[in-house]
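# Tertiary structure, described
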Amino acid sequence: MEKRVWGSTGVAVPVIGQGTWQMEEDDPESAIRALRAGLDLGLTHLDTAEFYGQGRVEEHIVSKAIAGRRDEVFLVSKVMPSNATEKGTLTACERSLKRLRTDRLDCYLLHWPGSHPLEGTVRAFERLVKEGKVRSWGVSNFDVDELEEVLAIAGPGRIACNQVLYHLEERAIEHAVIPWCEQQGVAVVAYSPFGSGNFPGPKSPGGQVLEAIADAHGVTPRQVALRFLVRRPSLFAIPKASREAHVHDNAAAAALSLSAEELRRIDEAFPLGPEPASLPVI
Ligand code: NAP
């Protein structure tokens, strides 16, 4: 599994990881089996959040998937903005650690920008780092002006990642967020890389381009899509899959290599579009 450096941390993280949003609605045994199969295949970046199933995903799914193999996993969780005061962030982290049955997170994120002052959230993140409860911290759904605010508070080299919506039909982050993150050494994590269940159909014009490229490589259109999304060294993707077959499919995308011509055809089939007034979120 290809790995890349996680922001300015120096830690190598797999380019394809595993999401867990809405897994509380799936058959838990199947979801846990799929996550563990993913770990076997090197998809060791596991993304979760206190928000997911109101803690149930951390407690009943992720904790079981990582049981006995914590050291293999790059574990990410997120604090809800409504909890993200300094004290609220510290206690939210303790709750997540307890549910996950671990003593540390590899990265802890503010789930989206909220109304509590960022100074308090950042102070809590830094304290958690000092205490060894969090190895790195970052943000999610942050646009450039919001990233600038965090940078001004925390200083350079502290924001490890920005987790943002990114799929073939939603490429808005390419306008300003990716360039900013690359300049500041912040990892960009593509969430909902398959459009959260709205993947381009095989009969759509874009879907046909993906099919043709996939056929030429003997792979699937989703593997082609994932490989396109991680085509720059700052990028990671975290598809969610509760079925083992899907996990195998996603893991194999890391080994795929697309030519410049193929990347150009995908770029044309799923055009970037104009820069929106605000960052799209799911
Ligand atoms: P997604 O990964 O874009 O799509 C998930 C859907 O694709 C599921 O229905 C899954 O099916 C299916 N799928 C996965 N691999 C497949 C394959 N190889 N072939 C066919 N179908 C496949 O959706 P997402 O859950 O919205 O996004 C991924 C992760 O990003 C989340 O789980 C979460 O961790 C994170 N996220 C973060 C935020 C945020 O605000 N920070 C927001 C949204 C998502 P099965 O499950 O049945 O296998």
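One structure accompanies this document, and this report is about it. Please read these numbers as outputs of a predicted model, since none were measured by experiment. (Residues numbered from 1 in each chain as written. Predicted model: local features only at pLDDT ≥ 70, side-chain atom pairs only at ≥ 80, totals over all residues. Heavy atoms only, no water.)

## Let's talk about unusual backbone geometry
The condition that has to hold: The numbering of helices and of strands both runs from the N terminus, where a helix is a DSSP run of H or I of at least 4 residues and a strand a run of E of at least 2. The buried label applies to any residue whose accessible area, calculated with a 1.4 Å probe on protein chains only, is under 20% of its type's maximum; exposed applies above 50%, and partly exposed to all values in between.
The phi dihedral of Arg101 is positive, around 55°, even though this residue is not glycine. Of note, Arg101 is situated in the loop between helix H3 (86–100) and strand S5 (107–110). Of the residues examined, Arg101 reaches a relative accessible area of 57% and is grouped as exposed. At Asn141, a position not held by glycine, the phi torsion is positive, near 60°. Relative to the elements of secondary structure, Asn141 occurs in the loop between strand S6 (137–140) and helix H5 (144–154). Asn141 gets classed as buried once you look at its relative accessible area, which sits at 9%.

## Let's talk about a negative patch on the surface
Selection rule: Here a patch means residues that are over 30% exposed by relative accessible area and free of salt bridges, tied together within 9 Å if like-charged and within 5 Å if nonpolar (Val, Leu, Ile, Met, Phe, Trp, Tyr). Residue exposure ignores everything except the shown protein chains as possible cover, and the areas themselves are Shrake-Rupley values with a 1.4 Å probe. Any Lys or Arg side-chain nitrogen located within 4 Å of an Asp or Glu carboxyl oxygen qualifies as a salt bridge. In summary, the charge assignment counts Lys and Arg as positive and Asp and Glu as negative, without counting His or the chain termini. Just so you know, the charge point we use is NZ for Lys, CZ for Arg, CG for Asp and CD for Glu.
A surface patch of like charges, here negative, comprises Glu119, Asp145, Glu148 and Glu149. It is H5 that contributes the most residues to the negative patch, three residues altogether. Structurally, Glu119 can be placed in helix H4 (residues 118–130). Judged by its relative accessible area of 39%, Glu119 falls in the partly exposed class.

## Some words on the pairing of strand S8 (residues 187–191)
On any regular strand, side chains alternate: one points to one face of the sheet, the next to the other face. This is how the line gets drawn: Strands are treated as partners if at least two bridges between them are detected by DSSP. We call a crossover right-handed when, viewed with the strands running away from us, the connection from the first strand over the helix to the second turns clockwise.
Burial of S8 is extensive: five of the five residues sit out of reach of the surface. Along S8, one buried face is formed by Ala187, Val189 and Tyr191 and the opposite face, lined by Val188 and Ala190, is buried too. Bridge count for strand S7 (residues 159–165) against S8 is five bridges, and the pairing is parallel. Within S8, the position partnered with Asn162 by the bridge is Val188. In this fold, S7 hands off to helix H6 (residues 177–184), which returns the chain to S8; that crossover is right-handed. Direction of pairing for S8 relative to strand S9 (residues 235–237): parallel, over a ladder of three bridges. Each bridged residue has a counterpart across the sheet, and for Val189 the counterpart in S9 is Phe236.

## Side note on the nonpolar core
Going by this rule: As used in this record, nonpolar core signifies buried Ala, Val, Leu, Ile, Met, Phe, Trp, Tyr and Cys residues forming a set joined through side-chain atoms within 4.5 Å.
Ranked by size, the top nonpolar core spans 78 residues in total, and within it Tyr108 and Ile266 carry the most contacts. Membership of the second largest hydrophobic core comes to 14 residues, among which are Val13, Phe74, Leu165 and Ile238.

## What to know about the site of the ligand
Going by this rule: Nearness here has a simple test: a residue counts as near a molecule or strand if at least one of its heavy atoms is within 4 Å of that partner. A 3.5 Å cut-off defines polar contacts: any pair of N or O atoms within that distance qualifies, except that in protein one atom must be a possible hydrogen donor and the other a possible acceptor, and neighbouring residues in sequence count only when both atoms are side-chain atoms. Residues are sorted three ways: Asp, Glu, Lys and Arg are charged, Ala, Val, Leu, Ile, Met, Phe, Trp, Tyr, Cys and Pro are nonpolar, and all the rest, Gly among them, are polar.
The local shell around the ligand holds 28 residues, among which Asp47, Ser196, Lys240, Arg243 and His246 are the closest. Between the ligand and Ser140, the relevant distance is 2.8 Å, taken from a nitrogen atom to a side-chain nitrogen or oxygen of the residue. Pro193 places a polar main-chain atom, nitrogen or oxygen, 3.4 Å from an oxygen atom of the ligand. At three residues, the largest contribution of residues to the shell around the ligand is made by helix H9 (residues 244–252). Looking at the shell around the ligand, its residues break down into nine nonpolar, 13 polar and six charged.

## Considerations on the sheet that holds strand S3 (residues 45–47)
As a reminder, the rule being used: Between the N-to-C directions of two axes lies an angle of 0 to 180 degrees, each axis being a line fitted to C-alpha atoms and, for a helix, fitted only over the stretch in contact.
Spatially, the seven strands line up as an open sheet ordered S3-S4-S5-S6-S7-S8-S9, and their pairing is parallel. At either margin of the open sheet sits one strand with a lone partner, and together these are S3 and S9. Between one strand axis and the next, the sheet turns by 25° as a mean value, whatever way the strands run.

## What to know about the pattern of salt bridges
Counted according to the given criterion, the structure contains 23 salt bridges. Here Arg231 ties to Glu174 by a salt bridge, and the two come within 3.1 Å at their closest N and O atoms. Here Glu174 lies in the loop between S7 and H6 and Arg231 lies in the loop between helix H8 (221–229) and S9, a separation of 57 residues in the sequence. Owing to a relative accessible area of 13%, Glu174 belongs among the buried residues under this scheme. Between Glu268 and Arg264 there is a salt bridge; the shortest N-O distance is 2.4 Å. With Glu268 and Arg264 both in helix H10 (residues 260–269), this residue pair falls four residues apart, about one helical turn. For Arg264, a relative accessible area of 35% translates into the label partly exposed.

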